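These are the residues of each chain, in order.
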Amino acid sequence: MSINPKCLNGMSCFISAEGDYYPCCFVYTNKAELEEWATKRNYNMSDISITKHGYENTVNSDFYKDFYNSFEVNTCTRECGEKGYKATEVGKPKWEKWKNTDETKSGV
């Protein structure tokens with residue numbers, strides 16, 4: 001399946017309250033998948049700590065170089081694969097297209 005990674009095409013990264021760097025909020029929400037990916041490749045989740053390693057070192061780490069070359073987590077396929085969501089407008093959250101139009105019309 002083809003992946004068009006939004007994280008490499010202008011979508012914001014996600015930094016957790018603990019100071020961990022995630023490519024996007026979707027991967028953070030399903031971080032157990034990233035943890036499993038890291039374990040299989042002998043990485044430690046502390047490798048993504050910007051508090052410990054700094055922003056530049058974390059983003060340019062072997063951990064993320066390998067991740068960005070694989071995108072081997074289900075979240076990436078679901079959100080950025082061929083059948084992933086397509087934002088209807090730049091800067092709008094994906095849920096905008098599912099909002100109840102009656103609520104929008106009534107101003108609720």
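Residues numbered from 1 in each chain as written. Predicted model: local features only at pLDDT ≥ 70, side-chain atom pairs only at ≥ 80, totals over all residues. Heavy atoms only, no water.

## Quick word on the pattern of salt bridges
Stated precisely, the cut-off is as follows: Think of a salt bridge as a Lys or Arg side-chain nitrogen and an Asp or Glu carboxyl oxygen that are within 4 Å of each other. Secondary structure is summarised from DSSP: a helix means a run of H or I of at least four residues, a strand means a run of E of at least two, and numbering begins at the N terminus for each. Each residue gets one of three labels from its accessible area relative to the maximum for its type: buried under 20%, exposed over 50%, partly exposed in between, using a 1.4 Å probe on protein chains only.
Summed over all chains, the structure comprises three salt bridges. Between Arg 41 and Glu 72 there is a salt bridge whose closest N-O contact spans 2.0 Å. On the criterion of sequence distance, the pair formed by Arg 41 in the loop between α2 (31-40) and α3 (50-53) and Glu 72 in the loop between α5 (62-70) and α6 (74-80) is long-range, its members being 31 residues apart. With a relative accessible area of 30%, Arg 41 lands in the partly exposed category. Between Arg 78 and Glu 79 there is a salt bridge whose closest N-O contact spans 3.5 Å.

## Digging into the confidence of the model for the protein chain
As a general rule, the predicted coordinates of low-pLDDT regions are not to be interpreted in detail. Operational definition: For every residue, the predictor assigns a confidence score, pLDDT, that lies between 0 and 100. Any two residues whose heavy atoms approach within 4.5 Å are treated as being in contact.
This prediction gives the protein chain a mean pLDDT of 84; 77% of its residues lie at or above 70. In the model of the protein chain, helix α7 (residues 101-106) stands out as the element of lowest mean pLDDT, 46, in contrast to strand β2 (residues 21-22), which has the highest, 98. Segment residues 95-108: pLDDT under 50, and four contacts once partners within four positions in sequence are set aside and those in other chains are kept.

## Some thoughts on the packing of aromatic side chains
For clarity, the cut-off: Think of it this way: a Phe, Tyr or Trp ring, Trp meaning its six-membered ring, pairs with another when their centres are within 6.5 Å, and the plane angle makes it stacked under 30 degrees, edge-to-face over 60, tilted otherwise.
Under the criterion given, the structure shown has 14 aromatic pairs. Through a chain of ring-to-ring contacts, three or more aromatic side chains come together here, namely Tyr 21, Trp 37, Tyr 43, Tyr 55, Phe 63, Tyr 64, Phe 67, Tyr 68 and Phe 71.

## Let's talk about the side chain of Ser 16
Mapped onto the secondary structure, Ser 16 falls in the loop between β1 (14-15) and β2. A relative accessible area of 6% means that Ser 16 is categorised as buried. With residues up to four places along the chain from it excluded, the contact list for Ser 16 reads Tyr 22 and Tyr 28.

## Some details on α5
To be explicit about the condition: Throughout, the arc means that of the directions going from the helix axis to the C-beta atoms.
Among all positions in α5, only Phe 63, Tyr 64, Phe 67 and Tyr 68 are buried. Buried residues of α5 fall within an arc of 120 degrees about the axis and therefore sit on the same side. The exposed set on the far side of α5, more than 90 degrees from its buried face, consists of Asp 62 and Asn 69. Among the structural elements, β2, α2, α4 (55-59) and α6 are those in contact with the buried residues of α5.

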